[in-house]
Amino acid sequence: MPDTSPTRADALLATATLALVVVAVVAEGTAPAGAVLACAVAVGLGGLVLAARRWPLPALLATAAAILTYYALDLPPVGVVAPAAAVLYRVAERGRVVPAALVAGGLLAVSVAVRLVEGDDVAVVVGTELGSEAALALAVIALGDAVRNRRSLRAALIRQAVAADEERHREAARQVEAERLRIAREVHDTLGHTMSVITLQSAVAREALADRDPAQAEGALAAIHSVSGSAMAELRATLGTLRREPGPHEPAPGFAQLPALVDGVRRGGLAVELRVHGPVEALPAVVGSTAYRVVQEALTNVLRHADATRVTVTVRATPGWLSLEVVDDGRGGPPPGRTGRQGQGLRGMAERVALLGGTVETGAVESGTVASGNAPSGFRVSVHLPLARVTA
């Protein structure tokens, strides 16, 4: 909304309007009574210049009426456009170009008509004075409109700059949030799986020591050492990326590490069968990494919640898709005291898959789905990852 308080410029324009009439009165040698009337009208015209900032159209109409009254009192001529120039400018500057032009045209028409009726020379009235008055009116109206357009353009540029700056801040915040979620998923997947395997293997080691089976205990401890070492390497790589440390970092685990992941779980006593169908050697790195994390999270959930004895991991690669299915023969539903298995892990899995445009399906399966033969129930995680839109 434009400022409606009179400014120093308005005061200068009002003073100039007043001075214009005073100069005309002095130059004409007007009688004192006429001079007083002329100055009174001049003061009114100056006040209307100040009022035009707040009430442009009423001030313009009042100015036109004051000019007509001025000439009706037979006061010294000062033109019809010059006393109204400041108000015409202000009205045009507020975007009311047409009313300004109509009022200016009306004043000129009345002035020409009256002077012609009074017998003034047509060539002088129309050819000279009308042209100069019309040129002055057009100039002040055009100036006001140009100032308005320039101000509008500047305001639009400022709004665009502010919007662009806000969008940059939002994009930066989105990138920070995405990176935060990525790191949270990496840490969760790494630590969650590692702690599950350590818990399982430590239980195996404790039972082996109780049964005086050093070989089995040693194997369990070796598995704990191996999985904890791998977890530390992954955490160092993640933290190195977060800190932007120079030097090479260990790449994120991919499809090539899937057999080692399965072997680590298998050494804990859980029977895990890995079935791979189709060409998986040339999978894009991001697809391989996502596949690894999906299987890792699914196996972690089995170790934590399923009370399963057997798991089947099926990987099927086709020209356009990579399908993953992890099925266990456990309880098939949420364990006692839990509202469900859709925790942070499965949520993170769904986020990873969604980033590649894939889908995730989870739920209980019918008895006998797993090859154990006598499984009472089970739980299935099924993931489909598109390959057509993913590059290596």
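Conventions used here
Residues numbered from 1 in each chain as written. Predicted model: local features only at pLDDT ≥ 70, side-chain atom pairs only at ≥ 80, totals over all residues. Heavy atoms only, no water. UniProt positions renumbered as here; feature names shortened; annotations may be inferred. Helix = DSSP H or I, 4+ residues; strand = E, 2+ residues; numbered from the N terminus. Buried < 20%, exposed > 50% of the residue type's maximum accessible area, 1.4 Å probe, protein only. Contact = heavy atoms within 4.5 Å. Areas by Shrake-Rupley, 256 points an atom, 1.4 Å probe, with all protein chains shown as cover. Core = buried A, V, L, I, M, F, W, Y, C linked by side-chain atoms within 4.5 Å. Expected span 1.5 Å × (residues − 1). Arc of directions from axis to C-beta. Pairing = 2+ DSSP bridges. pLDDT = per-residue confidence, 0-100. Axes fitted to C-alpha atoms, helices over the stretch in contact; angles between N-to-C directions. Parallel < 35°, antiparallel > 145°, perpendicular 65-115°, else oblique. Left-handed = near helix turned anticlockwise from the far one by under 90°. Nonpolar A, V, L, I, M, F, W, Y, C, P; charged D, E, K, R; others polar. Patch = residues over 30% accessible without salt bridge, like charges linked within 9 Å, V, L, I, M, F, W, Y side chains within 5 Å. Salt bridge = Lys/Arg side-chain N within 4 Å of Asp/Glu carboxyl O.

- The name given to the chain in an unreviewed UniProt entry is histidine kinase, with the source organism recorded as Micromonospora maritima.
- According to the UniProt record, the Catalytic activity (unreviewed entry) comment for the chain is "ATP + protein L-histidine = ADP + protein N-phospho-L-histidine."

### With respect to the overall build of the chain
- Counting secondary structure elements, the chain contains ten helices and five strands.
- For the chain, the proportion of its 392 residues judged to be buried stands at 39%.
- By sequence separation, contacts in the chain at least 24 residues apart represent 72% of the contacts at least 6 residues apart.
- Per element, the accessible surface of the chain, about 21200 Å² overall, is 62% carbon and sulfur.

### Structural notes on the nonpolar core
- One finds Tyr-70, Val-87, Leu-88 and Ile-141 to be the most contacted residues of the largest nonpolar core, which totals 36 residues.
- Put simply, the parts of the chain that give this core at least two residues each are helix H1 (8-28), helix H2 (32-51), helix H3 (56-72), helix H4 (85-93), helix H5 (97-117) and helix H6 (122-210).
- Residues in contact with Ile-141, not counting those within four places in the same chain, are Leu-88, Ala-92, Val-97, Ala-100, Ala-101 and Ala-104.
- Core analysis: the next-biggest nonpolar cluster, separate from the first, contains 34 residues, Leu-258, Ala-291, Tyr-292 and Val-353 among them.

### Observations regarding H5
- For H5, with 21 residues, the first-to-last C-alpha span of 30 Å sits near the 30 Å given by 1.5 Å per residue.
- Within H5 the residues assigned to the buried category are Ala-100, Val-103, Ala-104, Leu-107, Leu-108 and Val-112. Along the axis of H5, the buried residues cluster in a sector spanning 165 degrees; they form a single face. H5 presents Val-98, Leu-102 and Val-117 as exposed residues on the side facing more than 90 degrees away from its buried surface.
- Among the residues trailing H5, Gly-119 stands out with phi positive, at a value near 95 degrees.

### Here's the deal with the pairing of strand S5 (residues 378-386)
- By the criterion of burial, S5 is predominantly enclosed, with seven of the nine residues buried.
- As defined by bridge partners, strand S4 (residues 359-365) adjoins S5 across seven bridges and the pair is classed as antiparallel. Among the inter-strand pairings, Gly-363 is bridged to a residue of S5, identified as Arg-380.

### Observations concerning the confidence of the model for the chain
- In this model, the chain carries an average pLDDT of 77, and 72% of its residues clear a pLDDT of 70 or more.
- Confidence over residues 369-376 falls short of pLDDT 50; this stretch has 15 contacts with residues more than four positions distant or in other chains.

### A word on the packing of H2 against H3
- Contact geometry for H2 and H3: axes closest at 9 Å, N-to-C directions at 170 degrees. Taken together, the axis directions place H2 and H3 in an arrangement best described as roughly antiparallel. As H2 runs across H3, the sense of the crossing is left-handed. Here Ala-38, Val-41, Leu-45, Leu-48 and Ala-51 of H2 come into contact with H3, specifically with Ala-59, Ala-62, Thr-63, Ala-66, Ile-67 and Tyr-70.
- Its residues assigned to classes, the contact of H2 with H3 shows ten nonpolar, one polar and no charged.

### Brief notes about a nonpolar patch on the surface
- Residues Leu-68, Val-110 and Val-114 make up a contiguous nonpolar surface patch of roughly 220 Å² in combined accessible area.
- Residue placement: Val-114 occurs in helix H5.
- Owing to a relative accessible area of 40%, Val-114 belongs among the partly exposed residues under this scheme.

### Observations regarding the environment of Leu-274
- Following the sequence through the fold, Leu-274 ends up in strand S1 (residues 271-277).
- Looking at Leu-274, the relative accessible area reads 27%, which means it is partly exposed.
- Considering only alpha carbons, one finds Leu-274 and Asp-263, eleven residues apart in sequence, at a separation of 9.6 Å.

### Focus: the packing of H3 against H4
- Where H3 meets H4, the axes come as close as 9 Å, and the angle between the chain directions of the two elements is 155 degrees. What the angle tells us is that H3 and H4 run roughly antiparallel. Relative to H4, the crossing made by H3 is left-handed. Across the interface between the two elements, Pro-56, Leu-57, Ala-59, Leu-60 and Thr-63 from H3 touch Val-87, Leu-88 and Val-91 from H4.

### Some words on helix H8 (residues 258-266)
- Taken together, the buried positions of H8 are Leu-258, Leu-261, Val-262, Gly-264 and Val-265. Axial view of H8: buried residues confined to an arc of 160 degrees, hence all on one face.

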